[in-house]
Structure formats: structure tokens, C-alpha cells
Amino acid sequence: SSRRSKELKTTKEITITSRSASQPPAAMTSTTANSSDGRSVGDASVPSLPPLYFQGKNAAAAPPPPASHPTAAAASSDILSLPPELAQQCLSGFCDWGDLARLSAVRSSWSGLVRDAADAGGRDAKWELAGAMLEGTRGMGRNPAKAIEYLRGLAGVTLSEDEENDSEQDENDEDTEGDDEDKKDEADDEVVFAPAMRKLATCYLTGDGADKDTAHGLRWLKAAYRHGKDIDAAHELAVIYEYGEHDVKIDVVAAAEWFRVAAEGGHVEAMAEYALCCELGCGREQSDDDALDWYMKAAEAGHVTSKFSVAEAYEEARGVPQSDEEACLWYYKAAVEGDEDSKRALRRLRDIARIVLPGWEGVLDA
């Protein structure tokens, strides 16, 4: 019916809007992993150096400071006068990456300040440093090549040479499990870091920090899921294939498969997307039963639009026996969270709603 078509269109628009709002910004976001020294990865803390780092480094006479770094030169004179342990505490407590970079240029024995601070801070520090180099923040000038180097080290995965060269096949590859590709990749499961793989994917897909290479970006996303169990990477792959982003050929079958993979991993938005694939027969066989199952899972996880879809299934007897009463209950669950389509549906079914939801209009109008 025309109403049905309009509501399906509305549902899709809401889903797309929800997805857009949930996309992470281009900047590197924090993570929840822990570094080797117990700090939380992504805390944006100042870099640190090992205790007594300056023991012996301050003994040699300092060469004339470069004219381009007068502030750093003055700071180095102050640090030279401090005991090594106090110098380390001052730099670790107050200097950011850019400060260390400038100090490293005024004294040959300090040339490794940035690298040594990154090594001392472990994954936490290297992740922050890579972000600073890629985005030109934290006082650092942009150095995309070095940022990519750090990200590759953090990823814990080395893509095989075969994959590096097989761009055309990968762009059209619909396989989501990747058993053969897993065998080709070299991965250390103990140090795999999915956020770094996803960031590498973004760099290659957008050409930000690296030469644009769509096939290479897709491979890093697949690696993030296969080796890092990153369901956000699986969802991103599905969206790319669904809409043909980054000049990738639209492939609704691959999109549906990646939505399924992400949904089975617990990605709520992917559950709703895969349910819509099941409902419309887009990229897979049409099935009202499967659609309702995934809409129900997404709804129970708090997805508002899916609550509307569950209600609609009850109202139209798609996958379940027809029940206006159950439909009203589910419409109400979505309506109280602001879903306008559900509010309109309740008013359309007001005679039933009055029975199963006494006072429902007062709640929605409050």
C-alpha cells in the first residue's frame, strides 16, 4: 500500500540519519584498552620518559642551539642544570609531544626524545603520537608517513604481499569469512590493535595521510574484523558496499553479508540494517520471519526504529499472527522515545490503544 511504502521509506531515512549521527569523527578517537603501565589507552596524557632518562645525557657539552628553536634552547639550558631524575619528572609532567620534538633538535643526545617517550609509554603513547603526527595536533607538525609507520606497528598485523598486489580481486571480493586471507596475513593475536587497523583503512580510503588506495583500505577493514574482532569495521564495510562509498562498486549481497556479520557480533545498528535486508529481500532471500527476529533483537537492545518495525509486523501479520494489541504496545515503546511515526500509528489505532494503554495520550503529550 502507499502508506506501507511511505513508512518503509521513512524507516530507511531514520536509519540513515541514525547511522550518520553515530559515525566517529575523522579525528582519532580514544580506546578503552590498557597500556603496559596501567594507564587507559586514549587518555590524551602527556608523554613520559623512563626514570633517570637523562643520566649521562646531560654530561656532554651542548652544541650551539639552532636559531629556529630559541625557546627550546632556553628550556634545554634549564634542564641541563637539573638532576637527571628531576629533569625527567619535569618533562614527563609538563611537556607535550611538540615540546619533546623541539627539544630533540637542540641536542644530539636528545635526538631520540620523541621515539623514547613513545616506547616508554607503550601502545597508549604510540597511538597518541600517531594521531598527533597525522592530524598536526599536540604541538606536532604533520608527518603522515611517520604516523602510518606507527599505526602499522600498532596494528599487529602484516598484510601478505599477495593481498598488497591483488587490488582488483579484493574490490570485488564478497567473501566475509576470509579463511584463505587469514592464512596469508601475519598476525600476533596478543598485540593486535583493531583501532590502528581501522585508522589505516581510513587513511587509505580517503587519501588522508597516505596515497588513496581503496582496495588497500578495504583489506585493512577486513583485517580489523578478522584479527581484531572489530564489529564496527564489519559495519563500515557493509555501508561502503551498500552505498558504493570511496568509488567501490555497489554490491548489495556483500553489504547484506557484512551487516549479518556485524549483527551477529552484537552491533545494534547492523541488526536493524540486516533486518531491513531480510524484510525487503535486498542482498539475500526475503524472509519476514528473519526480519522480525533481527528487528526484535535490535529493539530489545534499544534501537527505536526497530521497535516501530516490530509493531508494524504485528499490525500487518508479517512473521507473527496479527495483533493490534501487541502492535500498540510496541508503537508505544517507540513513541515514548520520540518516534513520530509511532505516535501517528497510535493515534490511528486509538480505539485499541485506549484499552491496552490507558492514558497513553497524556503520556505522549506531556
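Anything mentioned here points back to the structure above.
In this text, all values refer to a predicted model and were calculated from it rather than measured experimentally. (Residues numbered from 1 in each chain as written. Predicted model: local features only at pLDDT ≥ 70, side-chain atom pairs only at ≥ 80, totals over all residues. Heavy atoms only, no water.)

Caption draft 1: Seen up close, the overall build of the protein. Looking only at helices and strands, the protein features 20 helices and two strands. Counting over 366 residues, the protein shows a buried share of 47%. Residue pairs at least 24 apart in sequence account for 62% of intrachain contacts in the protein once pairs closer than 6 positions are excluded. Here the protein has roughly 17,100 Å² of accessible surface; of this, 50% comes from carbon and sulfur atoms. (Helix = DSSP H or I, 4+ residues; strand = E, 2+ residues; numbered from the N terminus. Buried < 20%, exposed > 50% of the residue type's maximum accessible area, 1.4 Å probe, protein only. Contact = heavy atoms within 4.5 Å. Areas by Shrake-Rupley, 256 points an atom, 1.4 Å probe, with all protein chains shown as cover.)

Caption draft 2: Unusual backbone geometry, seen in detail. If you check the backbone angles, Arg 138 has positive phi at about 60 degrees while not being a glycine. The exposure class assigned to Arg 138 is partly exposed, which follows from its relative accessible area of 22%. Unusually for a residue other than glycine, Ala 317 sits at a positive phi of about 55 degrees. Tracing the sequence through the fold places Ala 317 in the loop between helix H16 (304–316) and helix H17 (324–335).

Caption draft 3: Spotlight on a nonpolar patch on the surface. Where nonpolar side chains cluster on the molecular surface, the patch consists of Ile 250, Val 252 and Val 253 and spans about 230 Å² of accessible area. Here Val 253 is to be found in helix H13 (residues 252–264). On the accessibility criterion, Val 253 (36% relative accessible area) is partly exposed. (Patch = residues over 30% accessible without salt bridge, like charges linked within 9 Å, V, L, I, M, F, W, Y side chains within 5 Å. Salt bridge = Lys/Arg side-chain N within 4 Å of Asp/Glu carboxyl O.)

Caption draft 4: Structural detail: the pattern of salt bridges. Summed over the entire model, instances satisfying the criterion amount to 23 salt bridges. Here Asp 116 ties to Arg 115 by a salt bridge, and the two come within 3.6 Å at their closest N and O atoms. Between Arg 198 and Asp 232 there is a salt bridge, with the nearest N and O atoms lying 3.9 Å from each other. Taken together, the residues span a long stretch of sequence, with Arg 198 in helix H10 (residues 194–206) and Asp 232 in helix H12 (residues 231–243) at a distance of 34 residues. Take Asp 232: its relative accessible area is 35%, and that puts it in the partly exposed class. Salt bridges sharing partners connect three or more residues here, namely Arg 198, Asp 230, Asp 232 and Glu 236.

Caption draft 5: View of the environment of Gln 322. Assignment of secondary structure puts Gln 322 in the loop between H16 and H17. C-alpha of Gln 322 to C-alpha of Glu 312: the two residues are 10 residues apart in sequence and 9.8 Å apart in space. Look past the residues within four positions of Gln 322 in its chain and what remains in contact with it is Tyr 314, Glu 315 and Ala 317. At 3.1 Å, the side chain of Gln 322 and the backbone oxygen of Glu 315 are in polar contact. (Polar contact = N/O pair within 3.5 Å; in protein donor to acceptor, adjacent residues only side chain to side chain.)

Caption draft 6: Seen up close, empty space enclosed by the protein. According to the stated counting rule, one finds one cavity of 30 Å³ or more in the structure shown. Roughly 30 Å³ of internal volume is contained in the largest cavity. Together, Glu 279, Asp 288, Ala 291, Leu 292, Tyr 295, Ala 313 and Arg 318 line the largest cavity. Top contributing element to the lining of the largest cavity by residue count: helix H15 (residues 288–300), with four residues. Of the residues assigned to the lining of the largest cavity, the class counts are four nonpolar, no polar and three charged. (1 Å grid on protein atoms, 1.4 Å probe; cavity = no way out; pocket = protein on both sides within 12 Å on 5 of 7 lines; lining within 4 Å. Points joined across faces, edges and corners; volume = space filled by probe spheres on them. Nonpolar A, V, L, I, M, F, W, Y, C, P; charged D, E, K, R; others polar.)

Caption draft 7: Highlighting H15. Taking 1.5 Å as the rise per residue, H15 with 13 residues should run 18 Å; its terminal C-alpha atoms sit 18 Å apart, in good agreement. Among the residues of H15, those classed as buried are Ala 291, Leu 292, Trp 294, Tyr 295, Met 296, Ala 298 and Ala 299. In this fold, the buried residues of H15 make contact with H13, helix H14 (268–280), H16 and H17. (Expected span 1.5 Å × (residues − 1).)

Caption draft 8: Region of the structure containing the nonpolar core. One finds Trp 97, Leu 113, Trp 220 and Leu 346 to be the most contacted residues of the largest nonpolar core, which totals 96 residues. In terms of residues, this core owes the most to one element, helix H5 (residues 113–135), which gives 11 residues. Not counting chain neighbours up to four residues away, the residues in contact with Leu 113 comprise Leu 49, Tyr 53, Phe 54, Leu 91, Leu 100, Leu 103 and Ser 104. (Core = buried A, V, L, I, M, F, W, Y, C linked by side-chain atoms within 4.5 Å.)

Caption draft 9: Molecular detail of the packing of H12 against H13. Contact pair H12 / H13: the axes reach a minimum separation of 8 Å and the direction vectors enclose 160 degrees. In terms of their interaxial angle, H12 and H13 are classed as roughly antiparallel. When you trace H12 past H13, the crossing you get is left-handed. Contacts from Ile 231, Ala 234, His 235, Leu 237, Ala 238, Val 239, Tyr 241 and Glu 242 in H12 reach Ala 254, Ala 255, Trp 258, Phe 259, Val 261 and Ala 262 in H13. Along the lines of polarity and charge, the residues of the contact of H12 with H13 split into 12 nonpolar, one polar and one charged. (Axes fitted to C-alpha atoms, helices over the stretch in contact; angles between N-to-C directions. Parallel < 35°, antiparallel > 145°, perpendicular 65-115°, else oblique. Left-handed = near helix turned anticlockwise from the far one by under 90°.)

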